[in-house]
Structure formats: C-alpha cells, structure tokens
Amino acid sequence: MSHYLEGLNPAQYAAVTQTEGPVLVVAGPGSGKTRVLTYRIAHLIEKGVAPWEILSLTFTNKAAKEMKERIEKVVGEKANQIWAGTFHSVFGKILRIEAEKINYTSDFTIYDTDDSKSLINSIVKELNLDSTSYPANAVLSRISNAKSNIIPPAKYANNPVLLQEDASQKRPHIYKIYETYVSRCRKAGAMDFDDMLYLLYALFIKNEEVLTKYRNKFKYVLVDEFQDTNQLQYGIIKLLTYYDKSPCNICVVGDDAQSIYAFRGATIDNILDYEKDFKNRGIKTIKLEQNYRSTHHIVQAANEVIAYNSRQLKKDIWTENNEGTKIRLIRTMTDNEEGKRVADLILEQKNRFHLINREIVILYRTNSQSRVFEEYLRHYNITYRVFGGMSFYHRKEVKDLLAYLRLVINPNDEEALKRVINYPKRGIGDTTVEKIISLATAEQIPVWNGILKVEVPPRTKNLLVGFVEMMEVFKQKAKVINAYEVATMVARQSGLLNELKADTTIEGQGRLENFNSLLDSIKEYVENDLVETDDEKNISNYLQTVSLYTDADDEKNDTDYVSLMSVHAAKGLEFKSVFVVGLEEKLFPSFMSMNSTQELDEERRLFYVAITRAKQLLTLTYSNSRYKFGQLNYNDPSRFISEINESHLDSNVNSMKGNGTELVSEAFGSLKSSIKGNFKPIRQVSLPKIDISNFVPSPSENIAAGMKVFTLEIWRRKGVRDRRRKR
DNA sequence: GAAGTGATGTTTTTT
DNA sequence: ACATCACTTC
C-alpha cells in the first residue's frame with residue numbers, strides 16, 4: 001500500500017506519518033512541502049479516515065486545486081469529498097449553511113475590494129467628511145486590520161490607541177465610518193473578504209452548538225502557508241481544534257522566512273504562538289531543510305540574504321543539487337531597456353537551454369511594472385500571460401454584468417444597484433440614486449424597495465418603473481432557468497451587449513471579447529460535471545463561486561506562455577528560469593516599506609521568496625532610471641543585491657549585446673555620476689525579421705554530432721538589427 | 001442629467 | 001501616466 005511513502009526523506013516521512021496530535025512543519029523553500037501535505041492527506045485516507053472529516057486550508061484556489069488533483073492521483077475519487085479550499089471558500093461554504101444563524105440569507109453577496117471602497121466613499125460623503133483626508137484605501141485598510149485583529153466597531157470606538165493613531169493621521173472619524181460600513185454591509189446582505197472570517201469567528205464564539213458540530217466534523221485539520229495567517233484565521237483554527245479533550249489533530253505547515261503578508265495583518269507570531277499554545281498537547285516540530293528545487297548558487301544566495309533578518313526560526317537550508325549557473329545580474333540605463341534585455345534573454349534561454357515559455361517567469365514588486373515587458377514580449381511574438389493586476393473579474397464590463405446578476409438575487413445589494421441602475425444610460429442620475437439610498441438607509445428597507453418609494457419628478461418616476469419592470473422579469477426567470485440562461489438574457493435585455501457592440505474602438509472590441517468570454521465561462525460553469533443539480537446551476541451558486549475567483553485560477557493548460565506576476569503572486573510556484581526585475585531602492589524594497597526594520601525585513605523575505613522560485617536560472621535586473629508617476633527617477637540598485645555574495649553573481653556575461661560588461665563592484669560604484677546630460681529614453685520598435693518565438697526546441701538527447709543547429713548567432717547574422725527611434 | 005474640464009491622488013503586495 | 005472625482009457648463 002505504502003508506495004507513496006517511498007522516496008521520502010526522514011523529515012518528510014515523519015511529517016507524513018505523524019498523523020495524531022499537533023504538528024508544526026517548518027518547510028523551507030523547495031523542500032517538498034506540497035508533497036508532504038498531499039501524502040499526509042492520502043495517508044490519512046489510507047488509514048481509514050473519511051475524506052469529509054479532513055479540513056485542508058490553503059491561501060489560493062490554485063494551491064487547493066493542485067492539492068486535490070495530487071491527492072486524487074493517490075486515493076482516487078474520494079479526494080473530491082475532502083473539505084479542501086481557501087480559507088475564504090471553505091468558510092464561505094460554512095457561512096452559507098449557517099447563514100440564518102447570523103441573520104444573513106444563504107444568498108449573501110460577497111463584496112470585493114472595489115465594492116468596499118465604493119461603499120466607503122459613499123459613507124464618507126454622507127457623513128460630510130472631507131473626501132481627500134479619508135481616501136477609501138486607507139480607511140478600508142484600517143477597517144480590515146481591525147477585523148483581522150478581532151476588534152468590532154464598538155471596541156474600536158473605545159480603543160484609545162487606535163483613536164490616537166487615527167487622530168495623528170488626521171482621520172479621527174474612522175471609527176464612525178467603520179460602524180456605518182459594517183451596518184451597511186449587513187443591510188445590503190453583503191460580506192467583504194474580512195467578514196467571511198470575522199463572522200464565522202463570531203458565530204463560533206456565540207453559538208456553541210454550531211462550533212461543536214464542526215469540531216466533531218473536522219477530525220483532522222491541515223493548514224498550509226501558516227506564516228501568512230492572521231489572528232482571525234488562527235483564532236478560528238484554534239477554536240476548531242483546541243478544546244477540552246480534543247484530539248488536537250492539527251498540522252500546520254509554514255516558513256517564517258516566507259511570511260509576506262504582515263501588511264495585511266499576518267503575523268509570524270502565529271507560528272511562535274502555535275508552538276506555545278499546543279505545547280501541553282505534545283506538539284511535534286518537524287523541519288524540512290533539504291531543498292530539492294534550486295541549484296547550489298541559488299540556495300546559498302537565498303541563505304545569505306535571509307541571514308540579514310533578525311527574528312526567525314533557526315533552520316539550515318541545504319541542497320544536494322549541483323552548483324548550477326551563477327546568478328546573472330543585469331544593469332540597464334532605463335526601465336525600457338530593462339524590458340528589452342529581459343525579452344532578449346528569454347529568447348536566448350529558450351534557444352540555448354531549450355526552455356519552453358511555461359518554464360519562465362518575470363517577477364516584479366508592483367503590478368504596474370508589467371507593461372514594458374509585455375511590450376517587448378509582444379514585439380518578439382512570445383506568448384505571455386499577466387497574472388493579477390487588473391484581473392479579468394475586475395474589468396468594468398465583467399463587473400457590470402455580474403452586478404446585474406447580483407441584484408437579481410439580492411435586492412439589498414446597494415453596490416450592485418449603484419453600478420447598474422443607470423448603466424447603460426437610462427436617464428437616472430446621481431441625485432436620484434442618492435435619494436434612493438438615503439431613503440432606504442433611513443427607513444431600513446432594501447434599496448430595491450426604495451426605488452419605487454422615492455419621491456422624484458414624474459419623468460424620472462417612469463424611468464425608475466421601467467428599470468424595475470425589466471429587473472422583475474429577470475428575477476422571475478432566474479427562479480426557473482440556469483445561470484447561463486439568465487446571464488445571456490440580462491446581457492441582451494439590459495442593453496449591456498448593445499452598448500458594448502456600439503463601441504468599435506480597439507479597446508471596445510476587447511471589452512466585448514471579455515464580456516463574451518465571461519458568458520462562455522458561465523456556460524462552462526453550468527455544464528461542468530461537478531455542478532450537477534439544478535440548484536447548483538443557478539445564479540446564486542454561480543455568484544458565490546465566482547466572487548472568490550482570481551484570474552490565477554483560470555487554468556489555461558493548452559497554451560505555452562511566459563508568466564508575468566508580482567512576487568506575492570508567485571508564492572508556492574517554481575520555474576526553471578526566473579527573472580526578478582526592478583531591483584532598485586525605493587521599488588524593491590518599496591518606498592512604502594523603508595521606514596522600519598520590520599517592514600524592511602518583510603521586503604527581504606519577499607526577495608527571498610522571489611529568488612527561491614528559481615530551479616536553475618536566476619536573473620536579477622535593475623535600471624538606473626525609471627518612470628514613476630510619469631516622472632523620470634534615478635534609484636540606486638537594491639540593497640538586496642549587495643547582500644548576495646559576489647561569488648554567486650555573474651554580471652559579466654552579455655552575449656546578446658556587446659555593451660555594459662560591468663562587474664558587480666562597478667555596479668555599486670558611482671552609479672549616479674555615470675549619468676550625465678539629458679538622456680532621452682530610447683525605445684526599440686523593430687520586430688525581428690525571423691519569427692523564432694514559435695521555435696520548438698528538439699529534445700537535447702536527439703542532437704548528435706554533425707547536425708546543423710539553429711543558433712542565435714545565425715539568427716542575428718541574418719540581419720536582425722534594432723532600429724532606434726525617439727519616443 | 002450629461003458631457004467636458006481640470007485637479008488630485010495613486011502604486012505595494014491579495015482573498 | 002493614468003484614473004478618478006469634483007466642478008462647470010450646456
């Protein structure tokens with residue numbers, strides 16, 4: 001039976017088979033963590049634990065899906081019955097079941113960040129506060145932090161420390177906004193991301209019966225990426241597993257060195273607390289220290305960098321892998337040139353090392369950096385995919401249709417109403433909408449009912465009646481037809497589709513395409529085998545699922561693309577070749593995080609995560625100058641580069657271009673003084689004359705002596721030359 | 001109420 | 001650079 005136990009090293013074996021009692025697995029990068037987690041679950045099932053008694057929590061849908069697939073390979077179909085998913089999706093599922101116990105319906109809406117911000121803006125306005133001193137971002141992050149630290153509005157309003165902090169930021173009324181925000185969400189039948197954790201926690205505290213039910217249900221609990229959990233998440237986990245006479249079968253896996261969400265309330269204290277909290281239950285700590293992923297140069301560089309951090313669990317990451325190639329350090333004059341160099345290098349690596357696009361990733365600190373790389377990858381006709389940033393589900397055209405659907409099932413959904421009542425334009429203006437919302441808020445009725453109750457001129461009244469009548473048809477139909485049918489009906493009859501079709505600009509066509517692919521994806525959802533019953537195919541269930549989607553979750557297996565993503569998004573992934581770009585002071589580390597050692601340590605951990613994604617090739621780039629807010633800035637190279645021992649670095653190889661053969665030491669010399677005069681950024685616009693992007697490398701074992709091989713040198717000699725043109 | 005203009009903030013990271 | 005938002009004008 002135990003074939004899956006073979007080939008595990010002693011630490012991994014212990015982590016898989018120590019199924020009883022609390023376990024902490026400290027897992028370094030590339031130490032086979034996912035393997036351990038999946039085998040552990042497989043092992044439990046082999047031992048006779050029912051799959052539905054296992055709760056496995058991860059951070060991303062992608063990780064959850066991957067784990068399920070891997071477990072399925074070992075234990076088969078049963079894997080589908082495991083309660084495995086992200087904190088939000090699993091907790092959302094429980095909240096839907098228990099909804100009426102917290103005065104919600106199981107159809108509750110999930111507000112995304114845009115909805116939350118929009119609501120905050122409305123509230124700031126209603127409270128007659130100055131909108132410039134209360135930016136939605138800042139307010140939301142205060143509210144989010146409060147929730148993550150289990151501080152409800154009433155406590156917030158009485159907390160002198162928080163109030164003092166707000167006062168010193170010249171935002172003394174945040175407590176008031178917080179209070180209003182919470183009551184408005186509740187009234188709208190909506191939860192934001194934090195509520196999905198907070199409300200479950202509150203329910204468990206308040207309702208012992210419910211808590212007991214889930215304590216008994218989940219006999220084995222596993223948590224991945226534990227270093228990124230916040231107080232709330234740990235609180236819920238503890239409620240579920242730590243109680244009188246509980247078996248405490250909980251296993252958390254994490255790496256303090258990879259904690260990168262402190263800004264969001266995650267705290268590595270959770271790992272330390274966990275060891276303390278479960279000490280009297282016989283906690284076992286297992287360290288996975290052997291790295292199977294990366295070459296020696298990369299592992300060593302990572303160790304050297306992270307050593308600069310002060311507070312960390314003691315561990316010693318090592319590898320048996322070979323030395324590998326040195327880490328390549330590339331300096332460019334402009335951010336634009338950085339884009340070109342990286343694209344050039346990608347071409348080179350594809351050819352020289354026979355890499356496919358999927359094995360290559362470009363990692364950056366901020367999503368806005370993706371643009372230049374996209375530009376050059378497009379020039380070279382290299383297929384790429386940008387993760388995060390303006391994700392598919394955040395696009396206006398997508399959100400518009402979803403808002404209609406939300407309003408169809410939840411008449412209280414204020415944010416959805418605001419979005420659709422006058423889009424496409426039907427002559428219902430802001431004043432009218434404001435009247436409706438304030439009426440509904442004052443009288444404590446659903447916004448939907450406010451539409452017909454509000455006092456407006458007859459002309460407006462007619463328009464409102466027209467809107468309500470249209471929506472009523474949708475509502476009635478939604479009860480009998482599936483999500484896809486409703487969506488297509490709404491698309492046509494609301495005028496959304498016509499509005500998009502009327503726009504013949506390039507962007508307009510793109511929007512129409514997005515809109516259609518949303519419809520396609522709803523169709524896919526309805527036709528999916530896992531969604532069987534009619535009930536599951538309805539709009540309400542679709543919306544619950546889609547609200548927690550991010551575009552990293554749309555697996556496009558058939559295409560071979562180079563990935564572009566933020567370092568945060570790369571957590572848990574690995575690639576043969578990794579480019580970490582924009583390694584400059586004030587960018588990475590971010591200027592927002594340079595005020596304290598703690599913040600800098602987090603940036604360093606982020607850098608650690610970035611470089612440990614690489615299996616074989618690691619390229620670091622930085623640029624002397626870069627546009628920020630439309631202004632040209634000069635930054636020094638990131639301190640993190642200098643934290644890597646020079647013996648692992650290679651800045652002297654420039655096979656694509658003859659210029660800039662600088663040594664590392666030189667790179668840290670007088671950078672600024674080397675820039676003189678008024679340099680205009682140069683933009684390369686020419687396309688290579690031979691398209692080698694679709695070049696399919698032959699397996700290297702097929703290459704024999706005497707064969708004629710296609711090399712970059714040949715390609716270049718054929719006369720591909722860059723023409724330079726001023727911007 | 002719509003459309004156009006100018007000012008202002010925004011860019012850290014995500015479920 | 002870009003988007004959003006407040007303000008003006010029609």
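Notes on the structure in this doc start here. Computed from a predicted model, the values in this text were never measured in an experiment. (Residues numbered from 1 in each chain as written. Chains lettered and ligands numbered in written order. Predicted model: local features only at pLDDT ≥ 70, side-chain atom pairs only at ≥ 80, totals over all residues. Heavy atoms only, no water.)

### Looking at the protein's contact with DNA strand B
And then number 1: Surveying the vicinity of DNA strand B reveals 29 residues, the closest of which are Asn 137, Arg 264, Arg 365, Thr 431 and Met 592.
And then number 2: For DNA strand B, the backbone portion of the atoms within 4 Å of the protein, that is sugar and phosphate, comes to 56%.
And then number 3: Arg 264 places a side-chain nitrogen or oxygen 2.4 Å from a base oxygen of DNA strand B.
And then number 4: One of the backbone nitrogen or oxygen atoms of Asn 367 is found 3.1 Å away from a phosphate oxygen of DNA strand B.
And then number 5: A breakdown of the residues in the surface near DNA strand B according to their chemical character gives nine nonpolar, 16 polar and four charged. (Near = heavy atom within 4 Å. Polar contact = N/O pair within 3.5 Å; in protein donor to acceptor, adjacent residues only side chain to side chain. Nonpolar A, V, L, I, M, F, W, Y, C, P; charged D, E, K, R; others polar.)

### Remarks on the environment of Thr 441
And then number 1: On the secondary structure map, Thr 441 appears in helix H19 (residues 430-443).
And then number 2: Separated by 258 residues in the primary sequence, Thr 441 and Ser 183 place their C-alpha atoms 9.8 Å from one another.
And then number 3: Apart from residues lying up to four places away in sequence, Thr 441 is in contact with Arg 184 and Lys 187.
And then number 4: Within polar-contact distance, the side chain of Thr 441 engages the backbone oxygen of Ile 437 at 2.6 Å. (Helix = DSSP H or I, 4+ residues; strand = E, 2+ residues; numbered from the N terminus. Contact = heavy atoms within 4.5 Å.)

### Digging into the packing of aromatic side chains
And then number 1: Scanning all chains against the criterion turns up 20 aromatic pairs.
And then number 2: Between Tyr 274 and Phe 278, the aromatic rings sit 4.8 Å apart at their centres with planes inclined by 45°, giving tilted as the arrangement.
And then number 3: On the basis of relative accessibility, which here comes to 0%, the residue Phe 278 falls in the buried class.
And then number 4: Members of the aromatic cluster, joined through ring pairs, are Phe 59, Phe 87, Phe 91, Tyr 261 and Phe 263.
And then number 5: Sitting over the ring of Tyr 261, Arg 264 keeps its end group 4.6 Å from the ring centre.
And then number 6: Geometry around Trp 448 places Lys 475 over its ring, the cationic atom sitting 4.9 Å from the centre. (Phe/Tyr/Trp six-rings, centres within 6.5 Å; stacked < 30°, edge-to-face > 60°. Buried < 20%, exposed > 50% of the residue type's maximum accessible area, 1.4 Å probe, protein only. Lys NZ or Arg CZ within 6 Å of the ring centre and 35° of its normal.)

### Re the sheet that holds strand S17 (residues 649-650)
And then number 1: With respect to topology, seven strands assemble into an open sheet ordered S11-S12-S10-S13-S14-S9-S17, the strand pairing being parallel. Every interior strand has two partners, whereas the edge strands, strand S11 (384-386) and S17, have only one.
And then number 2: Two strands pair when backbone bridges link them, and strand S13 (residues 575-580) and strand S14 (residues 614-623) are joined in this way by five bridges, in the parallel orientation. When the bridges of S14 are listed, Val 578 appears paired with Leu 618. (Pairing = 2+ DSSP bridges.)

### Points about empty space enclosed by the protein
And then number 1: Counted under the stated rule, the structure contains four cavities of 30 Å³ or more.
And then number 2: One number sums up the size of the largest cavity: a volume of about 60 Å³.
And then number 3: Contributing elements (two or more residues each) for the lining of the largest cavity: strand S4 (109-110), helix H17 (396-409) and helix H25 (539-546).
And then number 4: It is H25 that provides the largest number of residues to the lining of the largest cavity, a total of three residues.
And then number 5: Of the residues belonging to the lining of the largest cavity, the class tally is four nonpolar, four polar and two charged. (1 Å grid on protein atoms, 1.4 Å probe; cavity = no way out; pocket = protein on both sides within 12 Å on 5 of 7 lines; lining within 4 Å. Points joined across faces, edges and corners; volume = space filled by probe spheres on them.)

### Description of the state of the cysteines
And then number 1: All chains considered together, the criterion is met by zero disulfides.
And then number 2: Here Cys 251 is not disulfide-linked; the sulfur of Cys 248 is the nearest cysteine sulfur, at 13 Å.
And then number 3: By relative accessible area, Cys 251 is classed as buried at 1%. (Disulfide = S-S within 2.5 Å.)

### Let's talk about the packing of helix H24 (residues 506-527) against H25
And then number 1: The geometry of H24 relative to H25 is characterised by a closest axis approach of 11 Å and an angle of 110° between their N-to-C directions. Considering the angle they form, H24 stands roughly perpendicular to H25. By crossing handedness, the relation of H24 to H25 is classed as right-handed. Facing H24, whose interface residues are Leu 518, Ser 521, Ile 522 and Tyr 525, H25 presents Asn 541, Tyr 542 and Thr 545.
And then number 2: By residue class, the composition of the contact of H24 with H25 is four nonpolar, three polar and no charged. (Axes fitted to C-alpha atoms, helices over the stretch in contact; angles between N-to-C directions. Parallel < 35°, antiparallel > 145°, perpendicular 65-115°, else oblique. Left-handed = near helix turned anticlockwise from the far one by under 90°.)

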